[in-house]
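Notes for the structure review
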Amino acid sequence: MSQAPSQPSAQSEKHLRIAVVGAGLMGADHVIRIESRIVGASVAAIVEPDEARAKSALATAPGAKWFKNIEDAISANAMDAVLIATPGQFHEPVLIPAIAAGLPILCEKPLAPDSEISMRIVETEIAGGKQLVQVGFMRRFDAEYMALRELIASSSKGELLGLHCKHRNPSVPDSYHNDMLIFDSVVHEIDVVRFLADSPIKSVEVKHFKRNSKSPEGLQEPILVLLETESQVLATVEMNVSVGFGYQVKTEAIFESGIADIGRVGGMEVAYDGALTTQEHVTFKTRFAAAYDSQIQRWVNAVKRGTIDGPSAWDGYLAAAAVEAGLEAIQTGNKVAAKYAAKPAFYSAS
Ligand code: ISE
């Protein structure tokens, strides 16, 4: 019997009006992304107290209105969903009113600076009775990370034994300090190692390589971070933020009967004058551009279905709790066990 083609629901046809909160480096990039590459959504509001930043973002989103704070944007009913792209310490004051208003939210990593604030966000979401928050751990949307996750889950090369992660930035601003190595940068590995190994981070230990004299004053790096999962997978993380030459994120997975390598991306290869050169990324904005696109498109589609499609507020809490262990580890030199609250039943399906 032939079936009539299924009609797109009114929900899926709906155009999503997004408020982007924070028009700094990441927020400005997301505004351009939503306006030029995301289907079914546009930027309806820029929430940014700084006028110069707001104006420059508005120039790339002509249909958007400018608000200085989230409360004004909510009162004006300016959006259907919120993308928070401010630094982590400014997330809670935006998340709480947005959750209270029942708005779906994509919140850039980290969810919050520590586990206590993250737990408050989790509790607010639970009190509202609906999962509204997705955390922007974009690596989970990178095609190679996804393929590696599938390879690990298939057990086709045997059990996963360990991971070697390399996270290199060309440089960091003078405002970047030692703790940021953990809560701003290694937090990505904290989430993605748990995602790949499908097991929570059990402990964190930090060692220092010989200091790079090119690092900003006071910054003790590169560092070697050892993450051990509850399933006993050991991950080594080289966190190196003054490499100068480019931006690299690579992972090698060690299996019982094989090795897999991801992140050997690069641009055009040129053979010339006795040398083979490949263009390297210099920023996460290009290295993970496709992952950001996919993350936001899938989030937009999920919001229209009334759900999320990616790491939850609970994943954000778990990362914050492991970051705390990492901060103690970098400050004391000890191996520190991560402490987690019990998972609320509210998140049991995710
Ligand atoms: C930055 O905040 C990011 O999230 C980047 O992905 C990371 O590579 C960088 O180290 C962080 O500072």
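Predicted, not measured: the structure shown is a model, and the values here were computed from it.

1. Focus on the overall build of the protein chain
- Within the protein chain one finds 11 helices and 15 strands.
- Relative to the compact-globule value of 20 Å for 350 residues, the protein chain shows a C-alpha radius of gyration of 21 Å, a close match.
- Dimensions along the principal axes, computed over C-alpha positions, put the protein chain at roughly 55 × 50 × 50 Å.
- Within the span of the protein chain, comprising 350 residues, buried residues form 51% of the whole.
- The long-range fraction of contacts in the protein chain, counting pairs at least 24 apart against all pairs at least 6 apart in sequence, stands at 70%.
- Carbon and sulfur atoms make up 53% of the accessible area of the protein chain, which amounts to about 16,200 Å² in all.
- Treating the 33 positive side-chain charges of the protein chain as one cloud and the 42 negative ones as another, the clouds have centres 2 Å apart.

2. Structural notes on the site of the ligand
- Neighbouring residues of the ligand: Lys109, Met138, His167, Asn169, Tyr176, Asp184, Ser185, His188, Tyr247 and Phe284.
- Between the ligand and aspartate 184 there is a distance of 2.6 Å, counted from an oxygen atom to a side-chain nitrogen or oxygen.
- In the environment of the ligand, an oxygen atom lies 2.6 Å from a nitrogen or oxygen atom belonging to the side chain of serine 185.
- Compared with its free state, where it exposes 300 Å², the ligand has 88% of that area covered by protein.

3. A word on the confidence of the model for the protein chain
- In the predicted model, the protein chain carries a mean pLDDT of 95, and the fraction of residues at 70 or more is 96%.
- Strand S10 (residues 234-240) holds the highest mean pLDDT among the elements of the protein chain, 99, whereas helix H1 (residues 10-13) holds the lowest, 53.
- Considering only residues more than four positions removed or in separate chains, one finds that residues 1-11, a stretch of pLDDT under 50, has 2 contacts.

4. Observations regarding the sheet that holds strand S4 (residues 81-84)
- Taken together, 6 strands build an open sheet; the order of strands is S3-S2-S1-S4-S5-S6 and the sheet is parallel. For this open sheet the edge positions go to strand S3 (65-67) and strand S6 (133-136), each flanked by a neighbour on one side alone. Taking the axes of each pair of neighbouring strands and ignoring which way they run, one obtains an average angle of 25° across the sheet.
- Here S4 pairs with strand S5 (residues 105-108) via 3 bridges, running parallel. Across the sheet, residue valine 82 finds its bridge partner in S5, namely isoleucine 105.

5. Comments concerning unusual backbone geometry
- Residues lysine 109 and proline 110 are joined by a peptide bond in cis, for which omega reads -15°.
- Position of proline 110 relative to the elements: it lies in the loop between S5 and helix H6 (115-128).
- Glutamate 221 connects to proline 222 through a cis peptide bond whose omega is 5°.

6. A word on the domain arrangement of the protein chain
- Segmentation of the protein chain into domains returns domain 1 (16-139 + 291-311) and domain 2 (143-287 + 319-337).
- Relative to domain 2, the C-alpha centre of domain 1 lies at a distance of 26 Å.
- Listed by partner, the interface residues are 15 residues for domain 1 and 17 residues for domain 2.
- Interface area for domain 1 against domain 2, summed over the two sides, is near 1,500 Å², with a carbon-plus-sulfur share of 61%.
- Of all residues in domain 1, the largest losses of buried area upon contact with domain 2 belong to Lys109, Phe137 and Arg139, amounting jointly to 49% of the total for that side.
- For the pair domain 1 and domain 2, the number of links is 2 salt bridges.

7. Description of the packing of aromatic side chains
- Under the criterion given, the structure shown has 5 aromatic pairs.
- Ring centres of tryptophan 314 and tyrosine 347 lie 6.1 Å apart, and the angle between their planes is 20°; this geometry places the pair in the stacked category. Residue tryptophan 314 is found in helix H11 (residues 313-332), and its partner tyrosine 347 is found in the segment after strand S15 (336-337); the two are separated by 33 residues along the sequence.
- Chaining the aromatic ring pairs together yields one cluster made of Trp314, Tyr317, Phe346 and Tyr347.
- Over the aromatic face of phenylalanine 288 sits the side chain of arginine 287, whose NZ or CZ is 4.3 Å from the ring centroid.

Thresholds, definitions, all that
Residues numbered from 1 in each chain as written. Predicted model: local features only at pLDDT ≥ 70, side-chain atom pairs only at ≥ 80, totals over all residues. Heavy atoms only, no water. Helix = DSSP H or I, 4+ residues; strand = E, 2+ residues; numbered from the N terminus. Rg over C-alpha atoms; globule rule 2.2 N^0.38 Å. Buried < 20%, exposed > 50% of the residue type's maximum accessible area, 1.4 Å probe, protein only. Contact = heavy atoms within 4.5 Å. Areas by Shrake-Rupley, 256 points an atom, 1.4 Å probe, with all protein chains shown as cover. Lys, Arg positive; Asp, Glu negative; His and termini not counted. Charge placed at Lys NZ, Arg CZ, Asp CG, Glu CD. Near = heavy atom within 4 Å. Polar contact = N/O pair within 3.5 Å; in protein donor to acceptor, adjacent residues only side chain to side chain. pLDDT = per-residue confidence, 0-100. Pairing = 2+ DSSP bridges. Axes fitted to C-alpha atoms, helices over the stretch in contact; angles between N-to-C directions. Domains from an automatic or database assignment. Buried area = accessible area lost by both parts, 1.4 Å probe. Salt bridge = Lys/Arg side-chain N within 4 Å of Asp/Glu carboxyl O. Phe/Tyr/Trp six-rings, centres within 6.5 Å; stacked < 30°, edge-to-face > 60°. Lys NZ or Arg CZ within 6 Å of the ring centre and 35° of its normal.

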